[in-house]
Amino acid sequence: MLLRLVLAGLVAAGVSTAVVAEPVAATTGTGYADIVPAPVSAHAAAGRFTIGRGTTISAGPSARGVAQYLAGVLRPAAGRPLPIVRPGPGGDTIALVLAGPDTADESYRLDVDGRGVTLTAGRAAGLFAGVQTLRQLLAGRSIPAGHVTDAPRFAYRGAMLDVARHFFTVAQVERYIDQLSLYKINTLHLHLADDQGWRLFINSWPRLATFGGSTAVDGDPGGYYTQAQYRALVAYAADRYVTIIPEIDMPGHVNAALASYAELSCDGVAPPLYTGTEVGFSTLCVNKDITYRFLDDVIGELAALTPGPYLHIGGDEAHSTSPADYVTFMNRVQGIVAAHGKKVQAWHNVVAATPLPTTVAQYWDTTDDNPAVAAAARSGTGVVLSPANLAYLDMKYNPSTPLGQDWAALIEVRDAYGWDPGSYLLGAPPSAIRGVEGPLWTETLRTSADIEYMAFPRLPALAELAWSPPSTHDWSAFRLRLAAQAPLWRALGINFYRSPQIPWK
Ligand code: TNX
């Protein structure tokens, strides 16, 4: 905790810090059969490697960032930061080796014997994924001997956090990013604006944040990120090989913007700030020029803050926008995003307009049978799957779950795990499916403990659907592997739902 505060202070002061992982307490290790998400292959061998007084981490220059992160992971077990040395002969080292083809994904290979550990990957992102596997295997100061070869099934493995309905600080989002990393999630979609709050300072339209960000659901305290804070968050994520996709929802879900600038409403009257939880009542004025000057400014600033290729423009539940206006609007905004050098991600409703060839539709419907989205997928629109009745992390587990909603479904762990993203969407070619994302809407959530209770253990279930080969899919094995994760969650202070479906350790 103290470490966290010190680091937060340094970041706030603009001092760049080494990437330090959340420390893992001793004796939490899982065996090779218990790794989540399940690797392509994992085999235990005889013996173990124990971190001792002479143990080092070896890494070349391109692997140094991951090596520093690993030194942070191992620090509590080792009792000291392991020195990072240049690659060389000899044992008693954890070697991070960048070798082989620079594959586009996070493939890695892990070999552990009595003399040391070798982690090999084509890219640093693969080494980082391998470090997460190593983290799960670590028990006290030792790692059981064995071999893992691994590669992700889908390139897009996402989580969404709604910081608009309730605001979460940079430190809270960073905490969630650390938790996502454990399960090889590589994309964080941040829902930055909605009816109840605008959470990113926009220099050209300052009242969006200072007024539009001043409240939250139930009149709870609002908040927003300064651009410096937001850049630090993006960098924190990037250090963990997590890409942030920022979302400004439009043309609906915009009450906070309309309340801040009257000229954005068709009648020129600013509505009051909104702290309820209804959806679908607000819309930007599709036929005013100022709407598009506003969006050009906002999207321009957002693009400048975003190293990743995608900006998310929402597009869901525009119940106060006519269908014709919706099409006009979504087509025009896709052009603005493209003009700022970015690609569009949007909720799947975008298929009612004309998706650009690079647009990705995020599917949130509650059926596997949506002919319009399937047709778009056949025409080249990429699809990220977040079916609300399977992947929504804000749905209650059962009728008595104290947090969350139930409009889409009650989702127990087995439900969250029990579908195949590759074949889910009827009529969509498998090549259209970019991956899976677990959205967490926060109408009912206020704290990190709340976030964690809804995300754990369903997030690791979704992460496995997104990462692991379909051949590993097996509920009876998964529930045991998930059970074996609990000591790690306890050690990290992660609040989780003790599902009765899981034989917790
Ligand atoms: C629907 S699904 C929404 C959000 C709500 C969520 C609550 C979707 C794209 N929009 O506005 O927060 O339900 O579960």
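Given the structure is predicted, the values throughout are model-derived calculations rather than measurements. (Residues numbered from 1 in each chain as written. Predicted model: local features only at pLDDT ≥ 70, side-chain atom pairs only at ≥ 80, totals over all residues. Heavy atoms only, no water.)

Chemist: Would you take a moment to explain the overall build of the protein for this structure?
Modeler: Broken down by element type, the protein carries 16 helices and 16 strands. By the compact-globule yardstick of 23 Å for 505 residues, the protein fits well, its C-alpha radius of gyration being 23 Å. Along the three orthogonal principal directions, the C-alpha set of the protein runs to about 75 × 50 × 45 Å. Counted over contacts in the protein with a minimum sequence separation of 6, partners at least 24 positions apart contribute 74%. Approximately 17,900 Å² of the protein is accessible, and the part contributed by carbon and sulfur atoms is 57%. (Helix = DSSP H or I, 4+ residues; strand = E, 2+ residues; numbered from the N terminus. Rg over C-alpha atoms; globule rule 2.2 N^0.38 Å. Contact = heavy atoms within 4.5 Å. Areas by Shrake-Rupley, 256 points an atom, 1.4 Å probe, with all protein chains shown as cover.)

Chemist: Quick question: what am I supposed to make of the UniProt feature "domain: Beta-hexosaminidase bacterial type N-terminal" (unreviewed entry) in the protein here?
Modeler: The UniProt record annotates "domain: Beta-hexosaminidase bacterial type N-terminal" (unreviewed entry) at residues 34–151. Helix makes up 25% of residues 34–151 and strand 36%, whereas the separation of the span's terminal C-alpha atoms amounts to 17 Å. (UniProt positions renumbered as here; feature names shortened; annotations may be inferred.)

Chemist: Explain unusual backbone geometry here, please?
Modeler: Trans is the prevailing form of peptide bonds, just as negative phi is the prevailing case for residues other than glycine. Residue Pro 251 follows Met 250 across a cis peptide bond; omega there is 0 degrees. Of note, the phi angle at His 253 is positive, near 60 degrees, even though the residue is not glycine. Following the sequence through the fold, His 253 ends up in the loop between strand 11 (243–250) and helix 7 (255–260). Since its relative accessible area comes to 2%, His 253 is described here as buried. Positioned with a positive phi, Glu 317 is a non-glycine residue whose angle comes to about 45 degrees. Checked against the element boundaries, Glu 317 lands in the loop between strand 12 (310–314) and helix 9 (323–339). Judged by relative accessible area, Glu 317 falls into the buried class, the value being 18%. (Buried < 20%, exposed > 50% of the residue type's maximum accessible area, 1.4 Å probe, protein only.)

Chemist: In this structure, what is going on with the sheet that holds strand 4 (residues 93–98)? I would like to understand it.
Modeler: Strand pairing in a sheet relies on backbone hydrogen bonds. The paired strands run either parallel or antiparallel. If you walk across this open sheet you meet the seven strands as 1-7-5-6-4-2-3, and the pairing is mixed. The outermost strands of the open sheet, each flanked by one partner alone, are strand 1 (41–50) and strand 3 (84–85). One ladder, built from six bridges, connects strand 4 with strand 6 (residues 116–121); its direction is parallel. Counted as the bridge partner of Leu 96 is Leu 119 from strand 6. (Pairing = 2+ DSSP bridges.)

Chemist: What am I meant to see in the pairing of strand 15 (residues 382–385) here?
Modeler: Consecutive side chains of a regular strand alternate in pointing toward one face of the sheet and then the other. The alternating pattern of strand 15 places Gly 382 and Val 384 on one face and Val 383 and Leu 385 on the opposite face, and all of these are buried. The pairing of strand 14 (residues 360–363) with strand 15 spans four bridges and is classified as parallel. Across the sheet, Ala 361 pairs through a bridge with Val 383, a residue of strand 15. Remark: the strand 14/helix 10 (residues 371–378)/strand 15 crossover connection has right-handed handedness. With three bridges joining them, strand 15 and strand 16 (residues 433–440) adopt parallel strand pairing. Counted as the bridge partner of Val 383 is Ile 433 from strand 16. (Right-handed = clockwise from strand over helix to strand, strands pointing away.)

Chemist: What exactly am I supposed to notice about the packing of aromatic side chains here?
Modeler: Aromatic ring pairs are described here by two measures, namely the spacing of the ring centres and the angle between the planes. Tallied over the entire structure, the rule returns 27 aromatic pairs. Consider the rings of Tyr 292 and Phe 329, whose centres lie 6.1 Å apart with planes at 45 degrees: the pair is tilted. In this pair, Tyr 292 sits in helix 8 (residues 289–305) while Phe 329 sits in helix 9, placing the two residues 37 residues apart along the sequence. On the basis of relative accessible area, Phe 329 is assigned to the buried category, the value being 0%. What links up through ring pairs into an aromatic cluster is the set Tyr 183, Phe 456, Trp 489, Phe 496 and Trp 504. The ring of Tyr 236 is capped by Arg 240, whose NZ or CZ atom sits 3.6 Å from the centre of that ring. (Phe/Tyr/Trp six-rings, centres within 6.5 Å; stacked < 30°, edge-to-face > 60°. Lys NZ or Arg CZ within 6 Å of the ring centre and 35° of its normal.)

Chemist: Quick question: what am I supposed to make of the packing of helix 4 (residues 170–182) against helix 13 (residues 448–455) here?
Modeler: The angle between the axes and the distance between the axes are what describe a pair of packed helices. Taken N-terminus to C-terminus, the directions of helix 4 and helix 13 make an angle of 25 degrees; their axes are 10 Å apart at the nearest point. Classified by the angle between their axes, helix 4 and helix 13 sit roughly parallel to one another. Crossing geometry of helix 4 relative to helix 13 is assigned as right-handed. On helix 13, the residues that touch Gln 172, Arg 175, Tyr 176 and Gln 179 of helix 4 are Ser 448, Ile 451, Glu 452 and Ala 455. Classifying every residue of the contact of helix 4 with helix 13 by side-chain character gives three nonpolar, three polar and two charged. (Axes fitted to C-alpha atoms, helices over the stretch in contact; angles between N-to-C directions. Parallel < 35°, antiparallel > 145°, perpendicular 65-115°, else oblique. Left-handed = near helix turned anticlockwise from the far one by under 90°. Nonpolar A, V, L, I, M, F, W, Y, C, P; charged D, E, K, R; others polar.)

Chemist: I'm lost on the confidence of the model for the protein in this one. Help?
Modeler: Detailed reading of the predicted coordinates is not advisable wherever pLDDT falls low. Overall, the predicted model of the protein reaches an average pLDDT of 94, with 94% of residues at or above 70. For the stretch residues 1–18, pLDDT sits under 50, and the model shows 13 contacts to residues farther than four places along the chain or on other chains. (pLDDT = per-residue confidence, 0-100.)

Chemist: Explain the site of the ligand here, please?
Modeler: Within the structure, the ligand sits among 14 residues, and Arg 165, Tyr 392, Asp 394, Trp 407 and Glu 443 are positioned closest to it. Taken by itself the ligand offers 360 Å² of open surface, and the protein chains cover 97% of this. Residues that form the shell around the ligand fall into these classes: seven nonpolar, two polar and five charged. (Near = heavy atom within 4 Å.)

Chemist: Teacher, can you tell me more about the state of the cysteines here?
Modeler: Chemically, a disulfide is nothing more than a covalent bond linking the sulfur atoms of two cysteines. Per the stated rule, a full pass over the model turns up one disulfide. There is a disulfide in this structure between Cys 266 and Cys 285, and the S-S distance comes to 2.0 Å. Disulfide Cys 266-Cys 285: torsion about the S-S bond near 95 degrees, hence right-handed. Of this pair, Cys 266 sits in the loop between helix 7 and helix 8 while Cys 285 sits in the loop between helix 7 and helix 8; the two residues are 19 residues apart in sequence, bridging distant segments of the chain. (Disulfide = S-S within 2.5 Å.)

Chemist: So what exactly am I meant to see when it comes to the pattern of salt bridges here?
Modeler: Opposite charge on two side chains allows them to pair when their charged atoms are near. A full pass over the atoms with the stated rule returns 12 salt bridges. The salt bridge involving Asp 162 is made with Arg 165; its shortest N-O contact spans 3.1 Å. Look at Asp 162 and you get buried, because its relative accessible area is 0%. Given a relative accessible area of 2%, Arg 165 falls into the buried group. For the salt bridge of Arg 481 with Glu 464, the shortest nitrogen-to-oxygen distance reads 2.7 Å. Note that Arg 481 is positioned in helix 15 (residues 475–483) and Glu 464 in helix 14 (residues 458–467), a separation of 17 residues in sequence. (Salt bridge = Lys/Arg side-chain N within 4 Å of Asp/Glu carboxyl O.)

Chemist: Even after reading the chapter, I still don't get the packing of helix 2 (residues 64–78) against helix 3 (residues 124–137), so can you show me in this structure?
Modeler: The N-to-C vectors of helix 2 and helix 3 enclose an angle of 10 degrees; their axes lie 10 Å apart at closest approach. Relative to helix 3, the element helix 2 is oriented roughly parallel. Facing Val 66, Tyr 69, Leu 70 and Val 73 of helix 2, the residues of helix 3 in contact are Ala 124, Leu 127, Phe 128, Val 131, Gln 132, Leu 134 and Arg 135. Taken together, the residues that form the contact of helix 2 with helix 3 break down as nine nonpolar, one polar and one charged.

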